[in-house]
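# Fold and contact review
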Amino acid sequence: MTSRSKAQYSPSISGKTCSCKGRSGTRADGSARPTQCWIVTGAVGGAGATTVAIELACAAAAQDESNRVCVIDLNLADGMVASYLEGEPKLDLIGLSDAPDRLDPTLLSAYVWEHETGVNLVAAPRNPDINEIVSSDLVLRLLDTVCTVYTHVIVDMPRTRQSWSKPILSGADEALVVSEFTVPSLHAAADMCREIDALRQDMEVSKLVLNRMSDSKTEFSVSRASKAIERDIGAVVRSDWKSA
């Protein structure tokens, strides 16, 4: 999957806002570089946003061995990144909830699980009540801290908006909305893209990603879909259904 641009994201979080200034991650060789942060969210349930997020992270890690790549699963209630990677969700959000300011790069290292590809994972155990416990300050502090450590940060975002969603969506380097090739999903994706663009104002517009496209769905079909929803299709991910 490709995108049309790669703006740089260096978030500096103050209070409950997130602005793209002043943060750099550290390469494996010790050198610093501006952090790139990508948000991935699904237009509908089951669109494949988590898979796209993981594939992006693996691609970034494979692109340059000096890249330090992290996936943050912010689907706090029912995230699946740890399950997909057969990893361990080590983040203790409840323990941190009383004192978010304690979270720094040193403490963060205790909450990180590393995949064999070199991709690091920051995820908490699934908890259906966690969104009622965790504050915006903690989630924004988490993102801020991760972005001081890693050169590439991929955030798997929930579809439903939380109190911390707007500052993250408005501050990210790229926002990807993953959709299936169905009428309801396409319209939901277009609406979500417009909502995110309104938050991002002068920043890079969000990208609509069509997932699980088969060879039988031609470029003409994609063109018609784009015209129907009045939105460019930023990328297409094809699936080899015959091999599957």
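Our structure is the block above this text.
Residues numbered from 1 in each chain as written. Predicted model: local features only at pLDDT ≥ 70, side-chain atom pairs only at ≥ 80, totals over all residues. Heavy atoms only, no water.

## A short note on unusual backbone geometry
Positioned with a positive phi, Glu86 is a non-glycine residue whose angle comes to about 55°. We classify Glu86 as exposed; its relative accessible area is 73%. Phi at Glu230 is positive, roughly 55°, even though this residue is not glycine. Tracing the backbone through its elements, the reader meets Glu230 in the loop between helix 8 (219-229) and strand 12 (235-238). (Buried < 20%, exposed > 50% of the residue type's maximum accessible area, 1.4 Å probe, protein only. Helix = DSSP H or I, 4+ residues; strand = E, 2+ residues; numbered from the N terminus.)

## Some details on the environment of Met192
One can find Met192 in helix 7 (residues 183-200). C-alpha of Met192 to C-alpha of Leu208: the two residues are 16 residues apart in sequence and 9.3 Å apart in space. Non-local contacts of Met192, meaning those with residues more than four positions away in its chain, are made with Thr41, Gly42, Ala43, Arg159, Arg161 and Val177. (Contact = heavy atoms within 4.5 Å.)

## So, the pairing of strand 9 (residues 152-156)
With five of five residues buried, strand 9 is to be regarded as a mostly interior element. Across five bridges, the pairing between strand 5 (residues 36-42) and strand 9 is parallel. Paired with Val40 across the two strands is Asp156, which belongs to strand 9. For strand 6 (residues 69-73) and strand 9, the ladder comprises five bridges, and the chain directions are parallel. Bridging from a neighbouring strand, Val69 pairs with His152 of strand 9. (Pairing = 2+ DSSP bridges.)

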